[in-house]
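Okay, here's what each chain looks like letter by letter:
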2 protein chains.
Amino acid sequence: MKTRIISAIIMLPLLLLVYFGGIWLKLACIAISFIGLKEFYDGFRNEGAQPCYIIGYCSIILLYVLHFAGMSLEYFNGGAGQYAPGRETLALLWAFVSVAASLIYGMDVEKRKNLDVVSTLTGIFYVVFFVYFVVLIDESEYAHNYIWLIFIIAFGTDIFAYFSGMLLGKHKLCPNLSPKKTVEGAVGGVIGSMVFSVLFGVFFLAQGHALSIRFIIMACIGSVVAQLGDLTASAFKRKMGIKDYGNLIPGHGGILDRFDSVLFVAPYLYFYIAVILPMFI
Amino acid sequence: MKTRIISAIIMLPLLLLVYFGGIWLKLACIAISFIGLKEFYDGFRNEGAQPCYIIGYCSIILLYVLHFAGMSLEYFNGGAGQYAPGRETLALLWAFVSVAASLIYGMDVEKRKNLDVVSTLTGIFYVVFFVYFVVLIDESEYAHNYIWLIFIIAFGTDIFAYFSGMLLGKHKLCPNLSPKKTVEGAVGGVIGSMVFSVLFGVFFLAQGHALSIRFIIMACIGSVVAQLGDLTASAFKRKMGIKDYGNLIPGHGGILDRFDSVLFVAPYLYFYIAVILPMFI
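Each value, and the rule that gives it
Residues numbered from 1 in each chain as written. Chains lettered and ligands numbered in written order. Predicted model: local features only at pLDDT ≥ 70, side-chain atom pairs only at ≥ 80, totals over all residues. Heavy atoms only, no water. Patch = residues over 30% accessible without salt bridge, like charges linked within 9 Å, V, L, I, M, F, W, Y side chains within 5 Å. Areas by Shrake-Rupley, 256 points an atom, 1.4 Å probe, with all protein chains shown as cover. Salt bridge = Lys/Arg side-chain N within 4 Å of Asp/Glu carboxyl O. Helix = DSSP H or I, 4+ residues; strand = E, 2+ residues; numbered from the N terminus. Axes fitted to C-alpha atoms, helices over the stretch in contact; angles between N-to-C directions. Parallel < 35°, antiparallel > 145°, perpendicular 65-115°, else oblique. Left-handed = near helix turned anticlockwise from the far one by under 90°. Contact = heavy atoms within 4.5 Å. Nonpolar A, V, L, I, M, F, W, Y, C, P; charged D, E, K, R; others polar. pLDDT = per-residue confidence, 0-100. Disulfide = S-S within 2.5 Å. Buried < 20%, exposed > 50% of the residue type's maximum accessible area, 1.4 Å probe, protein only. Buried area = accessible area lost by both parts, 1.4 Å probe. Polar contact = N/O pair within 3.5 Å; in protein donor to acceptor, adjacent residues only side chain to side chain. Least-squares fit on C-alpha atoms with pLDDT ≥ 70 in both. Expected span 1.5 Å × (residues − 1). Phe/Tyr/Trp six-rings, centres within 6.5 Å; stacked < 30°, edge-to-face > 60°. Core = buried A, V, L, I, M, F, W, Y, C linked by side-chain atoms within 4.5 Å.

Peer 1: Would you mind showing me how to read a nonpolar patch on the surface here?
Peer 2: All names here are of chain A. Among the surface-exposed residues, F160, L173, V183, V187, I191, V195, F196, L199, F203 and F204 lie close enough to one another that they form a single nonpolar patch of about 880 Å² accessible area. It is helix 8 (residues 183-204) that contributes the most residues to the nonpolar patch, eight residues altogether. Relative to the assigned elements, F203 resides in helix 8.

As structure tokens, then:
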């Protein structure tokens, strides 16, 4: 417990990367993608699968090369009114190439099981694709500040769930999957997410918006999404026969152990920004 | 062989659906997604996996509901200049929900293996996602006619590869995976794709474009993509321990056996239209 808190405090300065945003945040996302993907594939290897690390790493490189290429095209062509493919077109192109590459990996029928193929593919979408939404939120024109909400919802949920579970926890949430989690902890996490989000919103977003029903519902569902992310990671680990994805962060485990809820919250929040929010402004 | 040709001729009228496009083509794509996904999951079941059919089917429904919702919003809001999320934003939203749902399926740790989870996910991206690009091409504003090229490249490759392999085939292409395929057949397929594409282009697209280097390269690479789609499907089947994905079409097998190259060519062509083409017009 002590190690856990000390590690958390040591990691706090990393939030500066979120504050700076732009290239620094992208570099952090690239690093997290690499380490997270390796941890995920290592887990599968523990189960006897042989996911293709090279395809996974190449897919990370492709995603960010496409991203920077798209940015440059926008920059150089934008002024002249010429065409540049949008971020989302490029993200779909990346998804197609990544799926196709993973499937083609299976063509070596003597050596590759279907599990090798599909675990390669899953790692790419679970880790690389989901982390990419942090970048997309950072670049969002009118909702740049929302990037903080990813961490407020994810870590707010974690912390509140932890302490309210410890103080009030009586009813097990899912004893088979994660024996320590309680219903009281889960509810506490949801309340924590709503409280922190509204506090943040009142100070740093449009105040009227932060107190609106849809913002509070967003924080509430966001916390459920965060907890699903957490449980999903536990389920994978359980079946891979590992306790943690790694030991990079003392007391927390690997990158994926720490960011399991962030992985789910980032895309969730992006679509709140990209689909729901614009309907009201 | 005779059954094969008769079946092909009987299926020809189905090309009318491509001609009509719009809602008819969408309904055909929805049907192909359902049948194809079922065939793919059945194959995995044969291997001992238990992919979740319900999640797969729901993801098909979600994709097209989002698509129609986006269309309606554009229609009703477009005039007033109000916001409507684009096709590609919605496709990414769909991808996120589908990945998350597949992963959450694994939370029942007692019953679900990791293979069940990742095969569910793979079916969704391999079948549902790839088929959707047929719809996206059909709705493309300035490249609607390109939809024919999907079938010209895929079936042109198939037919030319078949006959040139039969007449000239000497060197095995990949004896372990697909013993009947020859290098000569593969090269013949590429030539067939280029010849048919240029013929089509000269008559139905801008003539200058159809004779341009980039169009011919597009048809050439398209044929390679089509053959990779074919081999990928073979690799899956081989490891699933089945000969065909189904017996829906006498002499051809299941929907996936017939459309394995289309699955790869459709997204490939979409990105040619969405990323490459606009840079030249």
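Peer 1: In this structure, what is going on with the packing of helix 6 (residues 114-139) of chain B against helix 11 (residues 255-276) of chain B? I would like to understand it.
Peer 2: How two helices sit against one another is set out by the angle between their axes and by the gap between those axes. Residues and elements named next belong to chain B. Across the interface, helix 6 lies against helix 11 with an axial gap of 8 Å and an inter-helix angle of 55 degrees. In terms of axis orientation, helix 6 runs oblique to helix 11. Where helix 6 crosses over helix 11, the two elements pack in a sense that is left-handed. Contact residues: Y126, V127, F130, V131, F133, V134, L136 and I137 in helix 6; L256, D260, L263, F264, A266, P267, L269, Y270, F271 and I273 in helix 11. Looking at the contact of helix 6 with helix 11 residue by residue, the class counts come to 17 nonpolar, no polar and one charged.

Peer 1: When you look at the confidence of the model for chain A in this model, what are you seeing that I'm missing?
Peer 2: The predicted coordinates ought not to be read in detail in places where the model reports low pLDDT. Across chain A, the average pLDDT comes to 89, with 97% of residues at or above 70. Scored as a whole, the predicted complex attains pTM 0.93, and scored at its interfaces, ipTM 0.93.

Peer 1: Before we go on, may I ask you to explain the state of the cysteines in this structure?
Peer 2: Simply put, the disulfide is a covalent bond whose two ends are the sulfur atoms of two cysteines. Residue and element names in this part refer to chain A. Scanning all chains against the criterion turns up zero disulfides over all chains. Note on C52: no disulfide assigned, nearest cysteine sulfur contributed by C58 at a separation of 8.0 Å. Given the relative accessible area of 12%, C52 is considered buried.

Peer 1: Sorry, what's going on with the interface of chain B and chain A here?
Peer 2: Buried accessible area, meaning the area lost when the parts come together, often serves as the stated size of an interface. If you look at the interface, chain B gives 50 residues, while chain A gives 50 residues. In total, chain B and chain A occlude about 4,700 Å² of area from one another, counting both sides; carbon and sulfur atoms represent 80% of this. It is L92, F96 and N114 of chain B that lose the most area in chain B upon contact with chain A, and together they represent 16% of the buried surface on that side. Put simply, chain B and chain A have zero salt bridges between them. For the pair chain B and chain A, the number of links is eight residue pairs in polar contact (both at pLDDT 80 or more). Taken together, the elements giving at least two residues each to the side of chain B that touches chain A come down to helix 5 (87-105), helix 6, helix 10 (213-240) and helix 11 of chain B.

Peer 1: Can you help me understand the relation of the copies chain B and chain A in this one?
Peer 2: Taken together, a rotation about one axis and a shift along it account for how the two chain copies relate. Laying chain B over chain A is done by rotating through 180 degrees and shifting 0.0 Å along the axis; what remains is an RMSD of 0.0 Å. Such a combination of rotation and displacement between the chain copies is what one expects of a two-fold axis. A symmetric contact is evident, with 100% of the interface residues of chain B recurring at the interface of chain A.

Peer 1: How should I be thinking about the side chain of S102 of chain A in this particular structure?
Peer 2: All names here are of chain A. Mapped onto the elements of the fold, S102 is located in helix 5 (residues 87-105). S102 sits in the buried class, given a relative accessible area of 0%. Engagement of the side chain of S102 in a polar contact is seen with the backbone oxygen of S98, the distance being 2.8 Å. Leaving out residues up to four positions away in the same chain, S102 has contacts with I55, V117, T120, L121 and I124.

Peer 1: How do you make sense of helix 3 (residues 22-46) of chain A when you look at a structure like this?
Peer 2: Residues spaced three or four apart along an α-helix face the same direction, because each turn holds 3.6 residues. Taking 1.5 Å of rise per residue, the 25 residues of helix 3 of chain A would be expected to cover 36 Å, and the 36 Å separating its terminal C-alpha atoms lies within 8% of that figure. Looking one or two residues past helix 3 of chain A, G48 of chain A carries a phi angle of roughly 105 degrees, positive in sign.

Peer 1: Could you clarify how one ought to interpret the environment of F44 of chain B in this entry?
Peer 2: With respect to the helices and strands, the residue F44 of chain B is situated in helix 3 (residues 22-46). Considered as a pair, F44 of chain B and P267 of chain B are 223 residues apart in the sequence and their alpha carbons are 24 Å apart. If we skip the residues at most four places from it in the chain, F44 of chain B touches N114 and V118 of chain A together with A49, P51, L115, S119, F236 and M240 of chain B.

Peer 1: How should I be thinking about the packing of aromatic side chains in this particular structure?
Peer 2: The description of an aromatic ring pair rests on the distance of the ring centres and on the angle between the ring planes. Tallied over the full model, the rule gives 58 aromatic pairs over all chains. Between Y41 of chain A and Y53 of chain A, the aromatic rings sit 5.4 Å apart at their centres with planes inclined by 75 degrees, giving edge-to-face as the arrangement. You can see Y41 of chain A sitting in helix 3 and its partner Y53 of chain A sitting in helix 4 (residues 53-78), a full 12 residues away along the chain. Across the pair, exposure class does not vary: Y41 of chain A and Y53 of chain A are buried alike. Here the aromatic rings of F96 of chain A and F130 of chain B are separated by 5.4 Å at their centres, their planes lie at 70 degrees, and the arrangement is edge-to-face. Highlighted residues: F96 of chain A in helix 5 and F130 of chain B in helix 6, drawn from two different chains. Take F96 of chain A: its relative accessible area is 8%, and that puts it in the buried class. Residue F130 of chain B is classed as buried on the basis of its relative accessible area of 0%.

Peer 1: Looking at this structure, how should I read the pattern of salt bridges?
Peer 2: In the structure shown here, the tally under the stated rule is 16 salt bridges over all chains. One salt bridge in this structure joins K113 of chain A and D116 of chain A, with 3.3 Å as the shortest N-O distance. The shortest N-O distance in the salt bridge between K26 of chain B and E139 of chain B comes to 2.9 Å. Taken together, the positions of K26 of chain B in helix 3 and E139 of chain B in helix 6 put the pair 113 residues apart, joining distant regions of the chain. Assessed through its relative accessible area of 21%, E139 of chain B is described here as partly exposed. Connected through shared salt-bridge partners, K26, R87 and E139 of chain A make up one network.

Peer 1: It is not clear to me how the side chain of H67 of chain A should be interpreted in this structure. Could you clarify?
Peer 2: All names here are of chain A. Residue placement: H67 occurs in helix 4. We classify H67 as buried; its relative accessible area is 2%. In this structure the side chain of H67 is engaged in a polar contact, spanning 2.9 Å, whose partner is the side chain of E139. Beyond its immediate stretch of four places on either side in the chain, H67 contacts K26, R87, Y132, V135 and E139.

Peer 1: I tried to follow the nonpolar core on my own but got confused; where do I start?
Peer 2: Nonpolar side chains tend to gather and get buried jointly when the protein is soluble and globular. One finds F40, Y146 and I150 of chain A together with F40, F125, Y146 and I150 of chain B to be the most contacted residues of the largest nonpolar core, which totals 165 residues. Other than its neighbours up to four places away in sequence, F40 of chain A contacts S119, T122, G123, Y126, V127, F236, M240, Y245 and L256 of chain A.

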